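What the coordinates show
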Amino acid sequence: MKLDNRKKQRLNIIAVVGFILLVSWAQITWNPFFTRLANVCAIYVIAAVSINLINGYSGQFSLGHAGFMAIGAYASALLYMSPELKEVNYFITPIIWPLSVIQIPFFPAWIIGGLVAALAGFIIGIPCLRVRGDYLAIVTYGFSEIIRFLICNFQSITNGPLGFKGVPQYTNLWWSWGFALFTVIFIKRLIDSSYGRALRAISGDEVSAEAMGINLFKHKMLAFVLGAFFAGIAGALLPSLLMAIDPYYFQIILTYQFIAIIIMGGLGNITGSVIVGSAFAISLELLRVLETPHVLFTLSIPGIPGMRMLVISILILAVILFRHRGLFGQEISWEWLFSLFSRFSQKLRFRHK
Amino acid sequence: MSLLKIDHITKQFGGLTAVSDFYLELEKGELVGLIGPNGAGKTTIFNMINGTYPPTKGKIYFDNKDITQNKPDKIAALGVSRTFQNIRLYPESSVVDNVKVGYHLRVKSSFWGAVFHFPNYVKEENYISQDADSLLSAIGLLKKKGELAGGLPYGDQRRLEICRALATRPKLLLLDEPAAGMNPRETVELMSFIQKIRRQFDLTILLIEHDMKVIMGICERILVLDYGKTIAEGTPGKIQHNPKVIEAYLGTEVSYA
């Protein structure tokens, strides 16, 4: 089924309006547990879609996402926390001067968090993007850990391992899902454009992409910086959602979670990143049961931390074995929805006869 | 005034001299063949022209500009495009997207324009779609434009690679064994196809090929390479009877006493 562009545009607008209404309804009526979970879903979606741009579409295996998120989280929190709150938090080593008095509203602080992460992406991209494949993974992993150690050790700036507590809760569903929507639209449009074709060409074959006139470094850098920006945005939502943040949150395991999401959802598949990203955040919460102590019949099972990750790794293995292109074969589009609908209604008609 | 001047280039990989003291001048509009036994250094010459690696010694001039140390993407922007001996398409992309990649080097809009659909970008994108379709119809692949490039038959993949190279609007086209793996009928079609695009796009072509029917049929001038050295140069008729060439391909006759 073919749809013309105007009809599609109208459907898109209807979908966006419906989405906004849904988010508003959720924000107003859901209880705090569910809104918090939905916020975490949005953060996972932003992070997964943006790591998919680097790892899936451009084929650069980067493990730096947790580092970028940490930069975004700290940079924004330092800007929007009030001077009094900072004084309370920094009780061991006082905070250095300009940061101790600065306070700006949440929204600009949030965006600046993303921009600082993008700047970090640019700076570390210069040396990192000269290597490829496994080496890039190692270098970016190293970067991510270095960031974490810097945060731990620059106590007068980041408050070290203590982190921040009592961060004001600005994150709500409008911000988080609004930006998730923006991320999806932005990256979808980017990969459908000429620049997206260039990125996919690089992931397909670097040698011939370069011979066709594509500047490898410039385009890899584009994907890397954009990925870092969205990661910073996702990270900046965290402290003001969890009301507390410390460097241990940004360990490599966080990056692995996003890698797991894009493997399960399919490399270079936005639909997969969005749906699996949300499902992943929800299942992390549901699987918490596994880590609490239980009495099964007469057998008493102690709560073993890390059991959730075991389940998730089994799921990844299953996906790699049976559906190595990811759970979602194709992107959800209006055409796909309509053809699904018409097939379904045909089936119903047969049954009535 | 020559379009391409390769001024005595040498390429050494460690102790191995792949190409030694190679000289070639290509006039605008020429179709020159480059032949030689396997491992003679033909593809290495292509890789040096296109900037994949710089020569150890010597200079390469294109349009009177020194391009010896330039990167492949710069050289492509100047007007040199190529195909590969082992096909290097983007198998996971559609046929038409493969061709569209060739247009990217001439896209002027920034990526902001591309993401937010600024009018200039939309204009460029429309032009790319139309022009890619007309290129595909010229090589007879328009019907398959939505298919994945990796799923095409071998001959079609070869032609698609040429089509992608043409999308960059080259002045000089380097074809690395375009007829490899084609059946005789496809080969004949390819020969007329090369003649056609040469006229249509005003191309200068340098061709590596093992199929002598192609080389003898369409090239005006042939260079024979063996162990990195040029051993003969001339028209197809002359080359066929050159004793050195026969020796390189078939070996010397041993005289039994």
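Small disclaimer: the values here were computed from a predicted structure and weren't measured.

Regarding the overall build of chain B
Helix and strand counts for chain B stand at 10 helices and 10 strands. For chain B, whose C-alpha radius of gyration is 20 Å, the value lies close to the compact-globule estimate of 18 Å for 257 residues. Overall size of chain B, expressed as C-alpha extent along the three principal axes, is 80 × 40 × 35 Å. Every one of the 257 residues in chain B was classed for burial, and the buried ones make up 52%. Restricting the contact set of chain B to residue pairs at least 6 apart, pairs at least 24 apart contribute 67%. Of the roughly 11,900 Å² of accessible surface on chain B, a fraction of 53% belongs to carbon and sulfur atoms. A gap of 3 Å separates the mean positions of the 32 positive and 29 negative side-chain charges of chain B.

Things to note about the sheet that holds strand β5 (residues 65-66) of chain B
Residues and elements named next belong to chain B. The strand order β2-β1-β4-β5 describes an open sheet built from four strands, whose pairing is antiparallel. Only two strands of the sheet have a single neighbouring strand rather than two, namely β2 (16-27) and β5. Of the strands in this sheet, β1 (2-13), β2 and β4 (57-62) are in contact with helix α1 (residues 42-49), which crosses β1 at around 115°.

Overview of the interface of chain B and chain A
Interface size is commonly expressed as the accessible area that is lost once the parts come together. Contacts between the two partners involve 33 residues from chain B and, on the opposite side, 26 residues from chain A. Counting the surface lost from both chain B and chain A, the interface buries some 2,500 Å², and carbon and sulfur atoms represent 61% of this. The largest per-residue losses of area from chain B upon contact with chain A belong to Tyr-90, His-104 and Phe-111 of chain B, which jointly make up 25% of the total buried on that side. Taken together, chain B and chain A are joined by four salt bridges. Of the charged contacts, one joins Glu-92 of chain B and Arg-325 of chain A as a salt bridge, the two residues approaching to 3.3 Å between their closest N and O atoms. The tally of links between chain B and chain A comes to 12 residue pairs in polar contact (both at pLDDT 80 or more). Those elements giving two or more residues to the side of chain B that touches chain A turn out to be α2 (72-78), β6 (80-82), α3 (95-101), α4 (111-116), α5 (119-138) and α6 (154-167) of chain B. Broken down by element, the residue count for the side of chain B that touches chain A peaks at five residues, all from α4 of chain B. Classifying every residue of the side of chain B that touches chain A gives 16 nonpolar, eight polar and nine charged.

Observations regarding the pattern of salt bridges
All names here are of chain A. Enumeration according to the criterion identifies 24 salt bridges over all chains in this entry. The partner of Lys-8 in a salt bridge is Glu-335, with the nearest N and O atoms 3.4 Å apart. Within this pair, whereas Lys-8 is found in helix α1 (residues 5-29), its partner Glu-335 is found in helix α16 (residues 334-352), the two being separated by 327 residues in sequence. What makes Lys-8 partly exposed here is its relative accessible area of 24%.

Here's the deal with the nonpolar core
In terms of nonpolar packing, the biggest core is built from 142 residues, with Met-69 of chain A together with Leu-207 of chain B touching the most fellow members. Not counting the four nearest positions on each side in its chain, Met-69 of chain A is found in contact with Ile-43, Ala-47, Ala-231, Ala-234, Gly-235, Leu-238, Phe-250, Leu-254 and Phe-258 of chain A. Counting residues in hydrophobic clusters, the runner-up holds 27 residues, among them Val-19, Ile-60, Phe-62 and Leu-223 of chain B.

Some remarks on the side chain of Thr-204 of chain B
With respect to the helices and strands, Thr-204 of chain B occurs in strand β8 (residues 204-208). Discounting residues that sit within four places of it in the chain, Thr-204 of chain B has contacts with Leu-3, Leu-26, Glu-27, Lys-28, Gly-29, Glu-30, Lys-171, Leu-172 and Leu-173 of chain B.

Re the packing of helix α2 (residues 32-57) of chain A against helix α12 (residues 216-242) of chain A
All names here are of chain A. At their nearest, the axes of α2 and α12 sit 8 Å apart, and the two run at 165° to each other. Taken together, α2 and α12 sit at an angle that is classed as roughly antiparallel. For the pair α2 and α12, the crossing hand works out as left-handed. Residues Arg-36, Asn-39, Val-40, Ile-43, Ile-46, Ala-47, Ser-50, Leu-53 and Ile-54 of α2 pack against Ala-223, Phe-224, Leu-226, Gly-227, Phe-230, Ala-231, Ala-234, Leu-237, Leu-238, Leu-241 and Leu-242 of α12. For the contact of α2 with α12, a count of residues per class yields 16 nonpolar, three polar and one charged.

Topic: the packing of α2 of chain A against helix α13 (residues 252-265) of chain A
All names here are of chain A. Relative orientation of the contacting elements α2 and α13 amounts to 75°, with a least axis distance of 9 Å. Between α2 and α13, the angle falls in the class roughly perpendicular. Seen from α2, the contacting residues are Tyr-44, Ala-47, Ala-48, Ile-51, Asn-52 and Asn-55; seen from α13, they are Leu-254, Thr-255, Gln-257, Phe-258, Ile-259, Ile-261 and Ile-262. Partitioned by chemical class, the residues of the contact of α2 with α13 number nine nonpolar, four polar and no charged.

Looking at the packing of aromatic side chains
Within the structure shown, the criterion is met by 34 aromatic pairs over all chains. Each ring, one from Phe-186 of chain A and one from Phe-111 of chain B, has its centre 6.5 Å from the other, and the planes form 75°; the classification is edge-to-face. Placement of the pair is Phe-186 of chain A in helix α9 (residues 173-192) and Phe-111 of chain B in helix α4, with the two residues belonging to separate chains. Taking the relative accessible area as the measure of exposure, Phe-186 of chain A reaches 4% and is therefore buried. With relative accessibility at 13%, the residue Phe-111 of chain B sits in the buried group. Cation over ring: Arg-130 of chain A sits above Phe-217 of chain A, and NZ or CZ is 5.4 Å from the ring centre.

Cut-offs applied
Residues numbered from 1 in each chain as written. Chains lettered and ligands numbered in written order. Predicted model: local features only at pLDDT ≥ 70, side-chain atom pairs only at ≥ 80, totals over all residues. Heavy atoms only, no water. Helix = DSSP H or I, 4+ residues; strand = E, 2+ residues; numbered from the N terminus. Rg over C-alpha atoms; globule rule 2.2 N^0.38 Å. Buried < 20%, exposed > 50% of the residue type's maximum accessible area, 1.4 Å probe, protein only. Contact = heavy atoms within 4.5 Å. Areas by Shrake-Rupley, 256 points an atom, 1.4 Å probe, with all protein chains shown as cover. Lys, Arg positive; Asp, Glu negative; His and termini not counted. Charge placed at Lys NZ, Arg CZ, Asp CG, Glu CD. Pairing = 2+ DSSP bridges. Axes fitted to C-alpha atoms, helices over the stretch in contact; angles between N-to-C directions. Buried area = accessible area lost by both parts, 1.4 Å probe. Salt bridge = Lys/Arg side-chain N within 4 Å of Asp/Glu carboxyl O. Polar contact = N/O pair within 3.5 Å; in protein donor to acceptor, adjacent residues only side chain to side chain. Nonpolar A, V, L, I, M, F, W, Y, C, P; charged D, E, K, R; others polar. Core = buried A, V, L, I, M, F, W, Y, C linked by side-chain atoms within 4.5 Å. Parallel < 35°, antiparallel > 145°, perpendicular 65-115°, else oblique. Left-handed = near helix turned anticlockwise from the far one by under 90°. Phe/Tyr/Trp six-rings, centres within 6.5 Å; stacked < 30°, edge-to-face > 60°. Lys NZ or Arg CZ within 6 Å of the ring centre and 35° of its normal.

Purely geometric stuff here, so don't read any function into it on its own.
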